[in-house]
Amino acid sequence: MSIWFIGVLALVFIVIGLLHVIKEAVACQSIVTGGNDFPKGFSVLILLYLGLGLIGIFTGFLHADGLKKSWINREQESRAMTVTGFISDMPAYHLHLTRFDFTVKTVEGKTAEHLKKIRLSWYQAPEIQAGDLWQLQVRIKHPRGNRSPGAFDREAWAARENIQATGYVKSGEKIATSDDMVFFRSRYRSAVRQWLYEHCSKNSAALLSALLIGDKSGISQQQWESLNQTGTTHLMVISGLHIGLMAAVGYWLTMMLARTGALPLRKMTLPRYAAGAGLLFALIYAFMAGFTVPVQRALVMTGLALSGPLLGIKARPTTLFLLALCVVLSIEPLAITSAGFWYSFSAVGILLYGCCGRIFMNADINMGGRTRLWLRPQWLVFLMLAPMLLFNQQSVSLFSPLINLVAIPVMGLLVVPAAFLALALQPFFFSVSIGILHFLDDAFRFWDVGLATVSSVPAFMPVVSIGLVQVVLIAGAVLVLATPRGLGLRVLFPFFLLPLFFPDKDHPAAGEVKVAVLDVGQGVAVLLQTRQNILLYDTGVASRGRFNSVDGIIVPYLSRLGIDRVDRVIISHGDNDHSGGLELIHQRYPEAEIMSGSAVTGFEGAMSPCLPGMKWQWDGVEFEVLSGSRLSVSDNERSCVLRVTAGNEKLLLTGDIGKKTESHLINQFESLEADYLLLPHHGSRFSGSQAFLSLVNPSQVLVSSGYRNPYGHPAEETLNRVERLGATLYNTATSGTLSFVMGRGPEAVKKYKIQSARYWWR
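Remember, it's a predicted structure, so these values are computed and weren't measured experimentally.

> I'm lost on the nonpolar core in this one. Help?
Nonpolar side chains in soluble globular proteins tend to end up buried together. Formed by 52 residues in total, the largest nonpolar core has its most connected members in Met-236, Ile-243, Phe-444 and Trp-447. Those elements that place two or more of their residues in this core are helix 4 (184-199), helix 5 (202-213), helix 6 (221-230), helix 7 (240-259), helix 8 (270-289), helix 9 (293-311), helix 13 (400-425) and helix 14 (430-455). In terms of residue count, helix 13 provides more of this core than any other element does, 12 residues in total. If we skip the residues at most four places from it in the chain, Met-236 touches Leu-207, Ala-210, Leu-211, Lys-216, Ile-219, Leu-227, His-242, Met-411, Phe-444 and Trp-447. In terms of nonpolar packing, the next biggest core, distinct from the first, is built from 30 residues, Val-524, Ile-570, Leu-651 and Met-742 among them.

This is the structure:
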C-alpha cells in the first residue's frame, strides 16, 4: 500500500464532509436571496476539491516521511544498552510479566535525540509507577510483526501508539520519583486500579478497571472467551458507546437539574447547558481512560454530535458523521488499519442510515411498534458487524442482539455511572463508596455466571472463512434491507447475497501444489494445498500471553484462501516452535489426521508416528517421508523429513534435523535433489552441511526464522554455504510469508512484504 492511499482516503472523507457543509450553506443563501447561486458555488467546490486533493496527497507524504524518520537506528537493535527515562504510563501486568511505556531521556549517558518512546517487558519486575525515573539495561528492536495475510499488523499498531521500539529489561535501578503533573493522570489511574482490586474480587475488579480506566490487562482468558462468545466484548473496550452514554448521562442530569429551576436560563439556553455538561462528562471519562487512540476517536465523534446544540448549529447527522471521519483520519491516518475504526463507524453509519428520520407507525401506542423501535438498532448493528467479525475470525452469537439490548443500557446507564459515583464519594463518604463497590462486585459475579450460561448454549454462527468481497456484499445487502419499504429496493437483497453461494475459489490444478511458508516468527508452519486436500507441516509456537500462531497467523491465512478444513497435520518433532499450536489446530480441525516424528508434550489426541517409507498421493502430487520416528536419537534428529513432488519439481521439508540425520540421508539416498529446500533448523550453523546441500542442490532455499531472534538464525556460516551453492535464499524474517506453486514449471517465490507493501513497514 503506497503513501498515496492514506492521503487520498483522508482527502475523500474531508472533501465529502466539506461538500455537504458548503452545499447546505449555498442552498440556504439561495433561499434567503431568492436567487440561484448554486451553479457558481459548484464551480468553487470543484476548485476546492482540486486544492484539497493536493493538500491530501501532501499530507500523506508528510505522515509517511515523519513515520520513517521516527524509526530507530539499526545499530540500536538487539544489543544491550543503558537508557534513562520515565515510566510514562500505567504499567500492565500479566502473570509474572510487567509491560509499560518508557519515555527515553538519555542513551548510554547521551541525550536521546532520536529515541523517544518504547514499550518494554520486565519479567519479575519490582514495583514501578508512572512518573518514576529509572536507569534500565534493555534490548530493543523495531516493532516488527508477522507479515502474513490476515495477521495482526503490529507495525501499524505501534505507529498509531507512537511506539518506536519494543524490547525487554535485563536490569534496572530507580533513580527518583517525579512529582511532575504530566504523570498525574497515569498515577491517578494506577491508584484507582489499586483501590478496585483492594475492595472487589479479582474478576470484578478486572472488569471495573476496564470500564473505568480502560485497563484490560486483568481480564482473564476465560472472561474474554465468554465476552467474545456472547458478543459483549465491546462493552469492556472503551469506545464511542461508553463515551456517548456518559455524555447522555451528563445531558440528562442537566435537563433534570433545569426542572428544579437551579440553572440561570436567561444567560444561556438549556440545550447549551445540557450539551456542555454532556461534553464535560465525556471529557472526564476520556481522562480516566487515558486518552488512548480509540478513546480519542470516540471523543471526536461525541464532540461533533454535541457541537450542534452547543454552538447553535443545525447540521445533518450525516454531515456530522462525515466530519467525524475527517477529523479522526486527520489526527491519525493509520486509524484505518484498526478493526475498531471500521466497527465504530460502520455501527454508527448503519444506525444513522437505518434509524434516523424514520417514523415507526403507532410506535407510541402499539406494543409491536415499540418492540420494533427497540430491536431495530440492535439487529441492524448485528447484521452489519457480524460479517466483519467473521472476517477477523471472531465468534458471533445469535443471542448477541438480545443480550446487548439489556447489557448496553445496564452497563452504560447504571454500572458505569455507579462506579464513578463510588469513586467520587470515596474521599468524603468512604463507607457509602465501599457499599456501592460491593454491590457492583456482586452484580459482576452474577454477570460472569450469566455470560458463562449463555455462552454454553450452542447458538453461535460457525467461524467460517469469509473474504473481503463477501463482507462488502453482505454490507450492501444490509444497506438495502435497511431502506424504507416504500422505495421498493429490498427486492435487490437476494441479488447481493447470490454471489456468496457461488464462490470463486482459486484451487490448484491437478498435479499442482500451492506452498506457503508462513511467517510465524521463530518457528515453522508450512501449508500445502492440492486441488482437493490441505496439509499443514508444523504449527508454529504455543501461546505467548493471548497470542498464538494458530489463531493469529495460520487460521487467518486459511480464511483468506477460503479454506475451512485441514486434512492432515505433520509435526516434524515435539519442540514448541514446531508443535506449540497443535492442540489449537486439533480443536479447530478435529477431523485432521496427525502424524509426528516424536512425542508432543501435553497433547493427548490421536497421533501416528511419521515413519520413513510412508507414501501417498493427492490429486497427482506425491508425498514421501524420508526420515522420522525410527531414528533413536534426539528429538531434533527424529524430525519428519517430507519430500513433495509435483510434476518435475520437488520440495524438501526438513524440520530441525542436524548433522546425524543429514549423514543418514546422504548414505540412504543416491539422489535428494529438490528445487526448493526448507533449510534445516532455521539455518543453524550445526545444520545444512555442505555435503547435504550439494546432494539436494536446490535452486531456492527457504528459511523460517524470527526477526532479530536471539539464536542468530540463520547463521553466517550456513548462509555462506548456501551462497557457494549459488541458490537464491528467502527468509520469512525479512520477506514475510513465502509462497509459490509447484507443477507449473519454474516460478519465482512470492514475498508477502513485496506483494502487499505498506509504507509503515520497515
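> Is there a simple way to think about the state of the cysteines in this case?
Covalent bonding between the sulfur atoms of two cysteines defines a disulfide. Counted according to the given criterion, the structure contains one disulfide. There is a disulfide in this structure between Cys-610 and Cys-640, and the S-S distance comes to 1.8 Å. Taken together, the positions of Cys-610 in the loop between strand 15 (608-609) and strand 16 (615-618) and Cys-640 in the loop between strand 17 (621-627) and strand 18 (641-646) put the pair 30 residues apart, joining distant regions of the chain. Comparing Cys-610 with Cys-640, the two get one shared label, buried.

> It is not clear to me how the sheet that holds strand 16 should be interpreted in this structure. Could you clarify?
Backbone-to-backbone hydrogen bonds pair the strands of a sheet. The strands run either parallel or antiparallel. The mixed open sheet is built from seven strands, whose spatial order is 16-17-18-19-20-21-22. Each edge of the sheet is formed by a strand with only one pairing partner; in this case those strands are strand 16 and strand 22 (728-731). On average, each strand axis in the sheet is inclined to that of its neighbour by 20°, with strand direction left out of account. When strand 19 (residues 649-653) meets strand 20 (residues 676-678), the two strands line up parallel, connected through three bridges. Its bridge partner being in strand 20, Leu-653 is matched across the sheet by Leu-678.

> Would you mind going over the packing of aromatic side chains with me for this structure?
Here the distance between the centres and the angle between the planes together describe a pair of aromatic rings. One pass over the structure, following the stated rule, counts 14 aromatic pairs. Seen from their ring centres, Phe-341 and Phe-345 are 5.0 Å apart, and the 50° between their planes marks the pair as tilted. With Phe-341 and Phe-345 both in helix 11 (residues 339-354), this residue pair falls four residues apart, about one helical turn. Members of the aromatic cluster, each reached through a chain of ring pairs, are Phe-184, Tyr-188 and Phe-287. Against the face of Phe-391 rests Arg-560, its NZ or CZ located 3.9 Å from the ring centre. Over the aromatic face of Phe-669 sits the side chain of Arg-643, whose NZ or CZ is 6.0 Å from the ring centroid.

> Looking at this structure, how should I read the sheet that holds strand 23 (residues 738-742)?
Strand order in this open sheet of eight strands is 15-14-13-12-11-10-23-24, and the pairing throughout is mixed. In the strand order of this sheet, the two ends are held by strand 15 and strand 24 (750-751), each with one partner. Two strands pair when backbone bridges link them, and strand 13 (residues 568-571) and strand 14 (residues 593-596) are joined in this way by four bridges, in the parallel orientation. Across the sheet, residue Ile-570 finds its bridge partner in strand 14, namely Met-595.

> Hey, could you run me through the pattern of salt bridges in this one?
Opposite charge on two side chains permits them to pair, given that their charged atoms come into close proximity. Under the counting rule described, the total for this entry stands at 17 salt bridges. Note that Asp-101 and Arg-119 form a salt bridge whose closest N and O atoms lie 2.7 Å from each other. Of this pair, Asp-101 sits in strand 3 (residues 97-107) while Arg-119 is found in strand 5 (residues 117-123), placing the two residues 18 residues apart along the sequence. On the basis of relative accessible area, Asp-101 is assigned to the buried category, the value being 7%. Given the relative accessible area of 24%, Arg-119 is considered partly exposed. Here Glu-512 makes a salt bridge to Arg-744, at a shortest N to O gap of 3.1 Å. Of this pair, Glu-512 sits in the loop between helix 16 (493-497) and strand 10 (513-517) while Arg-744 sits in the loop between strand 23 and strand 24, placing them 232 residues apart in sequence. Residue classification places Arg-744 among the partly exposed positions, given a relative accessible area of 47%.

> Would you explain the packing of helix 7 against helix 9 in this entry?
Two measures define how a pair of helices packs: the angle their axes make with one another and the distance between the axes. Look at helix 7 against helix 9: their axes get within 8 Å of each other, and the N-to-C directions meet at 40°. With respect to helix 9, the element helix 7 is oriented oblique. The two elements helix 7 and helix 9 meet at a crossing, and its hand is right-handed. Of the residues in helix 9, those in contact with Gly-240, Ile-243, Gly-244, Ala-247 and Tyr-251 of helix 7 are Val-295, Ala-298, Leu-299, Thr-302 and Leu-306. Residues that form the contact of helix 7 with helix 9 fall into these classes: seven nonpolar, three polar and no charged.

> Explain the confidence of the model for the chain to me, please; I cannot follow it from the model alone.
Where the model shows low pLDDT, its predicted coordinates should not be examined in detail. Across the chain, the average pLDDT comes to 83, with 87% of residues at or above 70. No element of the chain has a lower mean pLDDT than helix 1 (residues 3-33), which averages 53, and none a higher one than strand 11 (residues 526-529), which averages 97. Contacts for the low-pLDDT stretch residues 28-39, under 50 throughout, to residues beyond four places or in other chains number eight contacts. The low-confidence segment residues 360-365 (pLDDT under 50) makes seven contacts with residues lying over four places distant or belonging to another chain.

> Mind showing me how you'd approach the pairing of strand 18 here?
For a regular strand, side-chain orientation follows a simple rule: the groups alternate between the two sheet faces. For strand 18, the tally of buried residues reaches six of six residues, placing the bulk of the element in the interior. As defined by bridge partners, strand 17 adjoins strand 18 across five bridges and the pair is classed as antiparallel. From the neighbouring strand, Glu-624 faces strand 18, where its bridge partner is Arg-643. Between the antiparallel neighbours strand 18 and strand 19 lie two residues, among them Gly-647 with a positive phi of about 65°.

Here is what the cut-offs are and how they apply
- Residues numbered from 1 in each chain as written.
- Predicted model: local features only at pLDDT ≥ 70, side-chain atom pairs only at ≥ 80, totals over all residues.
- Heavy atoms only, no water.
- Core = buried A, V, L, I, M, F, W, Y, C linked by side-chain atoms within 4.5 Å.
- Buried < 20%, exposed > 50% of the residue type's maximum accessible area, 1.4 Å probe, protein only.
- Helix = DSSP H or I, 4+ residues; strand = E, 2+ residues; numbered from the N terminus.
- Contact = heavy atoms within 4.5 Å.
- Disulfide = S-S within 2.5 Å.
- Pairing = 2+ DSSP bridges.
- Axes fitted to C-alpha atoms, helices over the stretch in contact; angles between N-to-C directions.
- Phe/Tyr/Trp six-rings, centres within 6.5 Å; stacked < 30°, edge-to-face > 60°.
- Lys NZ or Arg CZ within 6 Å of the ring centre and 35° of its normal.
- Salt bridge = Lys/Arg side-chain N within 4 Å of Asp/Glu carboxyl O.
- Parallel < 35°, antiparallel > 145°, perpendicular 65-115°, else oblique.
- Left-handed = near helix turned anticlockwise from the far one by under 90°.
- Nonpolar A, V, L, I, M, F, W, Y, C, P; charged D, E, K, R; others polar.
- pLDDT = per-residue confidence, 0-100.

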